[in-house]
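Residue-level structural notes
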Amino acid sequence: MTIAMPKDFGIGRGQIFVGGSWVESASKDRRDILNPKDESTVDAVASGSIEDADRAVAAARKAQPAWNALTPMERAGFLNKLAALIDDNTEALAQLLTAEGGKLIGESRIDAQFAAALIRYAAESARRLQGEILPGEGRNEQIWIQRVPYGVVAGITAWNFPAALFARKVGPSLVTGNTVVIKPHELTPLATLVLGELCRQAGFPEGVVNVVPGDGRTVGAHLVTHPGTDMITMTGSVRAGGEIYALGAASIKPIRLELGGKAPFLVMEDADIDKAVDAAVVSKFFYGGSVCTCNDRMYLHSKIYDQFMEKFIGKVKTLKVGDPTAATSQIGPRISKVEVQKLHAMVAKALEQKATPLLDLKSDDAMFSKGHWAFPTVLGVKSNDLAIMKEETFGPAIAAMPVDSFEQAIAYANDSDYGLSAYLFTRENRLIMRAVNELQFGEIYVNRPSGESPHGFHTGYRRSGLGGEDGQHGVEGYMRKKTMYNNYD
């Protein structure tokens, strides 16, 4: 198939989106964007500079007062135009997401469609921005609490969902009156650049949205410490999140972090086994496991362990690893060789720690001689102390462990540095209600596979992040409060 490219949208190599226009980067360096399928060059983009970041922040600061002066509904009108343009360009965006990220074409369509849904939800939130009026302690006095924008938001996104993460940060930033500078991940900037062009086509005023590709430790770090940025929102690894958190400490900026996960998948003895197996497969292998909410460790009641694992392994064996543009493929390539090597090292360490190999798929097909490929691996473990039960895999490897009770499953699930998502399969409402109280995770999927909704709240505990995204609470996170004591005597 012919891949839609940034040039098809009028974006030249080496350009950045600043002040409502495509301009040449101040840096002459270019980064080749490689297709994970075969390491061919998809395109080349500017390896942005600190000067580029300065220009983007200046444009955003200049635009913010006039943008905030618009009514929320006026701002929502621009967002609705953007959502419609994303809908119109879903297929082109999907092709680009697959080419730069190795995502299955169907998964890339979901990424683009979810981006439109997030933008549309942000627009709908315009009618829900509200303050509070409280009675004062003195006569003829009221206390007004308003929610106001921070100013300029710097958004730093991860490589796995470029479109959705752009929308997740841009939508709530803009509807609440902020302007934004987005730095996409250096491995997958192409779709984000196209989304910048769609913002231009939607008619956003100059400087309201800016996109600057570049390295995280230069452009990203500069945006965090820049005196002209008022809030930082970042999705990525725990390592990167920790570095950003430390960088922002000097200026005491509000920082929102959506980081990694190590989601436990609990299946009790009364569960619908077939339903749980189907959900376990989908929740583990969507985008080959490169999802922070994916099923990453399974705790199965000992009474159903063998039955569950027989069915689970049977389904995993049938998963087709292949060309992400082919409709028959169910797992595509990893984003990079580094990710493949990390995954292989993790599996090797688990085997050294006495994990039992239950499934290790391989292929000698010539198509896998190039590119970044990893195949599904299933391990059995008897201890929750193994590294593979503690560290995020971010790939198609999964370990399972039998447990003797709900209490043991909960204890093992909570014994983690992460606290983003968890899964529970049971028919017993008493256990469901206990899980609500006892599972220490920000997001719990009960009797269903993964997949958050635009109007939910996507948030993590512990090292999985700070702040949260989506829904009413996500939108409110892009505003701060201002209190006025209004004496009208």
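These remarks concern the structure in this document. Treat the numbers as computed from the prediction; the structure is a model and nothing was measured.

**A closer look at the overall build of the chain**
A tally of regular secondary structure across the chain gives 14 helices and 22 strands. Counting over 489 residues, the chain shows a buried share of 59%. Counted over contacts in the chain with a minimum sequence separation of 6, partners at least 24 positions apart contribute 74%. With an accessible surface of roughly 19,700 Å², the chain has 51% of that area assigned to carbon and sulfur atoms. Side chains of the chain give 53 positive and 57 negative charges; the mean places of these two sets differ by 1 Å.

**So, the pairing of strand S1 (residues 15–18)**
Every second residue of S1 is oriented toward a common face, with Gln15 and Phe17 on one face and Ile16 and Val18 on the other, all of them buried. Note: S1 against strand S2 (residues 21–24), four bridges, orientation antiparallel. Residue Phe17 lies in a different strand from S2, and its bridge partner there is Trp22. Hairpin geometry of S1 and S2 is characterised by an intervening segment of two residues between the two adjacent antiparallel strands and by a positive phi of about 65 degrees at Gly19.

**Topic: helix H7 (residues 216–225)**
Looking only at H7, the buried set comprises Val219, Gly220, Ala221, His222, Leu223 and Val224. Where H7 is buried, its residues touch helix H1 (50–69), strand S7 (152–156), strand S8 (179–183), strand S10 (231–235) and helix H8 (238–249).

**Quick notes on the nonpolar core**
Leu174 and Phe204 are the most contacted members of the largest nonpolar core, which has 70 residues in total. Examining the composition of this core, we find that nine residues originate from one element, helix H4 (residues 105–124), more than from any other. Residue contacts for Phe204: discarding those within four places in its chain leaves Trp67, Phe78, Leu79, Leu82, Leu174 and Cys199. In terms of nonpolar packing, the next biggest core, distinct from the first, is built from 33 residues, Ile304, Met309, Leu359 and Ala400 among them.

**A look at the side chain of Ser27**
Inspection of the secondary structure puts Ser27 in the loop between S2 and strand S3 (30–34). Ignoring any residue separated from it by four or fewer positions in sequence, one finds Ser27 in contact with Ser47, Ser49 and Asp52.

**Looking at the pattern of salt bridges**
Per the stated rule, a full pass over the model turns up 30 salt bridges. In this structure, Lys103 engages Asp111 in a salt bridge whose closest nitrogen and oxygen atoms are separated by 2.8 Å. Across the salt bridge formed by Arg168 and Asp470, the nearest N and O atoms sit 2.6 Å from each other. Within this pair, whereas Arg168 is found in helix H5 (residues 162–175), its partner Asp470 is found in the loop between strand S21 (465–466) and helix H14 (471–476), the two being separated by 302 residues in sequence. On the basis of relative accessible area, Arg168 is assigned to the buried category, the value being 5%. Within this structure, Arg168, Glu258, Glu452 and Asp470 form a network of salt bridges that share partners.

Criteria and thresholds
- Here the residue index of a chain counts from 1 through its sequence in written order.
- Per-residue local features of the predicted model are confined to residues with pLDDT of at least 70, and side-chain atom pairs are confined, for both listing and counting, to 80 or more; whole-chain, interface and lining totals are unaffected and use all residues.
- Note: side-chain values were computed over all heavy atoms of the structure, leaving out hydrogens and water.
- Strands are runs of DSSP state E lasting at least two residues, helices are runs of H or I lasting at least four, and both sets are numbered from the N terminus onward.
- Exposed residues in this analysis have more than 50% of their type's maximum accessible area, buried residues have under 20%, and partly exposed residues fall in between, with area computed by a 1.4 Å probe over protein chains only.
- In what follows, a contact means two residues having at least one pair of non-hydrogen atoms within 4.5 Å.
- For the area figures, the Shrake-Rupley method with a 1.4 Å probe applies, and any residue is considered shielded solely by the protein chains shown.
- Only four residue types enter the charge count: Lys and Arg as positive, Asp and Glu as negative, with His and the chain ends excluded.
- For this purpose, a charge sits on NZ of Lys, CZ of Arg, CG of Asp or CD of Glu.
- Whether two strands pair depends on DSSP finding at least two bridges between them.
- Nonpolar cores were defined as sets of buried Ala, Val, Leu, Ile, Met, Phe, Trp, Tyr and Cys residues, with membership established by side-chain atoms within 4.5 Å.
- Criterion for a salt bridge: a side-chain nitrogen of Lys or Arg within 4 Å of a carboxyl oxygen of Asp or Glu.

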